[in-house]
Amino acid sequence: MQHYLVIYDRRRGQIIKHRVYPNPKRALAARFDAEREFRDEPDIEVVVLGAESWESLRRTHSRYFKDVRELAEAALEREAHTV
Amino acid sequence: MPLPATKGDLNRLGHRLIASDRIVPADLEQLAFVLSAYQQVLDRVKTQLRDLGLSATGRVKTTKTLTDKLRRIHGFELSRMQDLAGARIVVSDLRIQNEVTEKIREFYESQGCACRFVDRRADPRFGYRAVHLIVRVDGIPIEIQVRTELQDAWAQIVERLADRWGRGIRYGEDPEDPEAQVRYGARTASRREAVERLMELSETSAPLEQNRASVVSSEKTASFVEECIAELQSVAQRDPELLDQKISVRLMEHLNALRDILADSDEPVDQALFAAGAETTLAQLIRACELAFARVSEALTTLRKTVEDHEGRLRGILQEIANARDEGA
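Rules used throughout
- Residues numbered from 1 in each chain as written.
- Chains lettered and ligands numbered in written order.
- Predicted model: local features only at pLDDT ≥ 70, side-chain atom pairs only at ≥ 80, totals over all residues.
- Heavy atoms only, no water.
- Contact = heavy atoms within 4.5 Å.
- Buried area = accessible area lost by both parts, 1.4 Å probe.
- Salt bridge = Lys/Arg side-chain N within 4 Å of Asp/Glu carboxyl O.
- Helix = DSSP H or I, 4+ residues; strand = E, 2+ residues; numbered from the N terminus.
- Expected span 1.5 Å × (residues − 1).
- Buried < 20%, exposed > 50% of the residue type's maximum accessible area, 1.4 Å probe, protein only.
- Arc of directions from axis to C-beta.
- Polar contact = N/O pair within 3.5 Å; in protein donor to acceptor, adjacent residues only side chain to side chain.
- Phe/Tyr/Trp six-rings, centres within 6.5 Å; stacked < 30°, edge-to-face > 60°.
- Lys NZ or Arg CZ within 6 Å of the ring centre and 35° of its normal.
- Core = buried A, V, L, I, M, F, W, Y, C linked by side-chain atoms within 4.5 Å.

A. Summary view of the interface of chain B and chain A. Between chain B and chain A, the contact holds 47 residues from the first and 46 residues from the second. Of the roughly 4000 Å² buried between chain B and chain A on both sides combined, carbon and sulfur atoms contribute 53%. Together, Thr-57, Arg-160 and Asp-163 of chain B form the three largest contributors to the area buried by chain B at its contact with chain A, with a combined 17%. Counting the contacts that link chain B with chain A gives nine salt bridges.

B. A look at helix α4 (residues 94–110) of chain B. All names here are of chain B. With 17 residues, α4 extends 24 Å between its outermost C-alpha atoms, agreeing within 8% with the 24 Å of an ideal straight helix rising 1.5 Å per residue. What α4 keeps buried is the set Leu-94, Gln-97, Val-100, Thr-101, Ile-104 and Tyr-108. Down the axis of α4, the buried set is contained in an arc of 120°. They therefore lie on one face. Exposed residues on α4 whose side chains face more than 90 degrees from its buried face are Glu-106 and Ser-110. Measuring from the side-chain oxygen of the N-cap residue of α4 to the backbone nitrogen of Arg-95 gives 3.2 Å; that N-cap residue is Asp-93. Directly beyond the C-terminal end of α4, a positive phi value near 80° is found at Gly-112.

C. A look at helix α5 (residues 149–165) of chain B. All names here are of chain B. Under the 1.5 Å per step criterion, the end-to-end length of α5 is 24 Å for 17 residues, consistent within 8% with the ideal 24 Å. Where burial is concerned, most of α5 is hidden: 16 out of the 17 residues are buried. Positioned one or two residues after α5, Gly-166 has a phi angle of 100°, which is positive.

D. Region of the structure containing the packing of aromatic side chains. Tallied over the entire structure, the rule returns four aromatic pairs over all chains. Ring plane angle 55° and centroid distance 5.3 Å describe the contact between Tyr-4 of chain A and Trp-54 of chain A, whose orientation is recorded as tilted. On the criterion of sequence distance, the pair formed by Tyr-4 of chain A in strand β1 (residues 2–9) and Trp-54 of chain A in helix α2 (residues 54–60) is long-range, its members being 50 residues apart. On the basis of relative accessible area, Tyr-4 of chain A is assigned to the buried category, the value being 8%. With a centroid separation of 4.9 Å and an interplanar angle of 80°, the aromatic rings of Tyr-8 of chain A and Tyr-64 of chain A are classed as edge-to-face. Here Tyr-8 of chain A, found in strand β1, pairs with Tyr-64 of chain A, found in the loop between α2 and α3 (68–80); they are 56 residues apart in sequence, far enough to count as distant. Comparing Tyr-8 of chain A with Tyr-64 of chain A, the two get one shared label, buried. Taken together, the ring pairs in this structure connect Tyr-4, Trp-54 and Phe-65 of chain A into an aromatic cluster. Between the NZ or CZ atom of Arg-31 of chain A and the centre of the ring of Phe-32 of chain A, over which it lies, the distance is 5.0 Å. The ring of Tyr-171 of chain B is capped by Arg-72 of chain B, whose NZ or CZ atom sits 3.6 Å from the centre of that ring.

E. The arrangement of the nonpolar core in detail. Residues Leu-49, Leu-66, Ile-104 and Ile-144 of chain B are the most contacted members of the largest nonpolar core, which totals 43 residues. Looking at this core, the elements with two or more residues in it are α1 (24–37) of chain A together with α1 (7–17), α2 (25–51), α3 (63–72), β2 (85–91), α4, β4 (131–137) and β5 (140–148) of chain B. Broken down by element, the residue count for this core peaks at 10 residues, all from α2 of chain B. Setting aside residues no more than four positions away along its own chain, Ile-104 of chain B makes contact with Leu-49, Leu-52, Leu-54, Ile-89, Leu-133, Ile-144 and Val-146 of chain B. Membership of the second largest hydrophobic core comes to 37 residues, among which are Leu-76 of chain A together with Ala-130, Leu-208 and Ile-317 of chain B.

F. Spotlight on the pattern of salt bridges. Counted according to the given criterion, the structure contains 42 salt bridges over all chains. Close ionic contact of Glu-45 of chain A with Arg-63 of chain A constitutes a salt bridge, the shortest N to O distance being 3.0 Å. With a gap of 18 residues between them, Glu-45 of chain A in strand β3 (residues 44–51) and Arg-63 of chain A in the loop between α2 and α3 connect regions that are remote in the sequence. A salt bridge links Arg-50 of chain B to Glu-52 of chain A, with the shortest nitrogen-to-oxygen separation between them at 3.7 Å. Taken together, the positions of Arg-50 of chain B in helix α2 and Glu-52 of chain A in the loop between β3 and α2 put the pair across two chains. Residue class for Arg-50 of chain B comes out partly exposed when judged on its relative accessible area of 40%.

Rendered as structure tokens:
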């Protein structure tokens, strides 16, 4: 299990920084540091996500990785393969 | 690790967190201490889910979403927040969603943990559909979200849009700049109309998923009835005299199984066909099966047509979203 600190710019729709922490306490400490750093920037989201892999996060938290058009296209693609 | 704070401590911390825009260091330290306990339990839950063969990711609420929620819901207390720590599982369809939900519930109940089931499919929240299980481990609630791919796609689209149009759209509020135009190829619509279209997407997905699950279950029923007919016909072929005789104990079991399956299915079945029970002759049983097969097949044709209609609508809306350009961005 890995813990990923993700710093995400909501308006730009981009992950501006991410870092993996095997230790959850360190990840949480880094989160609070980052929250302090970006406290005057309301569009910056600082979150720690726990997952087996970065790939797992792409599946369950796709909004950090895809824009609305790409999310809709991915859903259409899956629909095309649904029997 | 049990929660290192009483309910009262938590609620007082919640009040202080939203009392001003700047959180004082001592409160941040206490929050970090509390969230660390949630993180530990969340990690344990994710490991348990992995041992059940389920791949889950998780997060502890950010300070901003936590304080936003406390501010949004007047009088809401921190100790009552059930989604402070959450795990998420995405599965292919409704049938697997039901199986996974049941598996998780059985596991936690067998461990003596309280487990609350919230079905947001039956009771969607502003279009959001999913199953949530709130399990209480060491006194700490963990929300396990189980979503289908389609439910998740909807939620991700809305979340992503909320990043730009304001998080209020997740709670039924208007988007920021609601009259700003969104271009769909040659025509335009307002952001407000675009959000309404997302509600239609959710309302189309719900019956589509339900009907797809019904198709799978009806196909199984049809296949079982078909096998019954083949077996009964082969018995009759071997010994045509049996046709007018009462059915054997073995075939009676067939009849009972058939009746049970049809009773569980959504298909309209005339139970009188089975009422004769042991008095039924083999010929009557074959006829009953053929009638049941005809009904199931007819219902399947209607269901498949409904699924196709919903799929067409769903794809239309998704294509529209994929082509949209936000002019107000």
